[in-house]
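Commentary on secondary and tertiary structure
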Amino acid sequence: MTRLEIAESIDSVFGDGPVTRDQIITAARNAGARPDVLAALERLPERSFPHLRELWQHLPDLPVSTSNG
């Protein structure tokens, strides 16, 4: 799992301003995200996130993309 995979699942939810953790998880479920993506998102704190990039400070162990080139 990578940041890119998460971003592809949820980036559309950020179109209208800050979103909550629950809105992010719902968007990922609706996009058909894999269970491990949902589990990672459930580790986010209960708060609002104005931008997708703010998620990464709470998920620092995730690589940006695969290293397969």
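Residues numbered from 1 in each chain as written. Predicted model: local features only at pLDDT ≥ 70, side-chain atom pairs only at ≥ 80, totals over all residues. Heavy atoms only, no water.

**With respect to the packing of aromatic side chains**
Counted by the stated rule, this structure contains zero aromatic pairs. For arginine 47, the ring lying beneath its charged end belongs to phenylalanine 49, and the centroid distance is 4.4 Å. (Phe/Tyr/Trp six-rings, centres within 6.5 Å; stacked < 30°, edge-to-face > 60°. Lys NZ or Arg CZ within 6 Å of the ring centre and 35° of its normal.)

**Overview of helix H2 (residues 21-30)**
When H2 is considered as a whole, its buried residues turn out to be Arg21, Ile24, Ile25, Ala27 and Ala28. Around the axis of H2, the buried residues are gathered within 160 degrees of arc, so they sit on the same side. Considering only its buried residues, H2 is in contact with helix H1 (3-10), strand E1 (19-20), helix H3 (35-41) and strand E2 (48-49). Of the residues trailing H2, glycine 32 is marked for its positive phi of about 80 degrees. (Buried < 20%, exposed > 50% of the residue type's maximum accessible area, 1.4 Å probe, protein only. Helix = DSSP H or I, 4+ residues; strand = E, 2+ residues; numbered from the N terminus. Arc of directions from axis to C-beta. Contact = heavy atoms within 4.5 Å.)

**Concerning the pattern of salt bridges**
By the definition in use, this model includes seven salt bridges. Residues arginine 21 and aspartate 22 are paired through a salt bridge, measuring 3.5 Å at the closest nitrogen-oxygen approach. Glutamate 54 is the salt-bridge partner of arginine 47, the closest N and O atoms lying 3.0 Å from each other. The partly exposed category is assigned to glutamate 54, whose relative accessible area is 22%. (Salt bridge = Lys/Arg side-chain N within 4 Å of Asp/Glu carboxyl O.)

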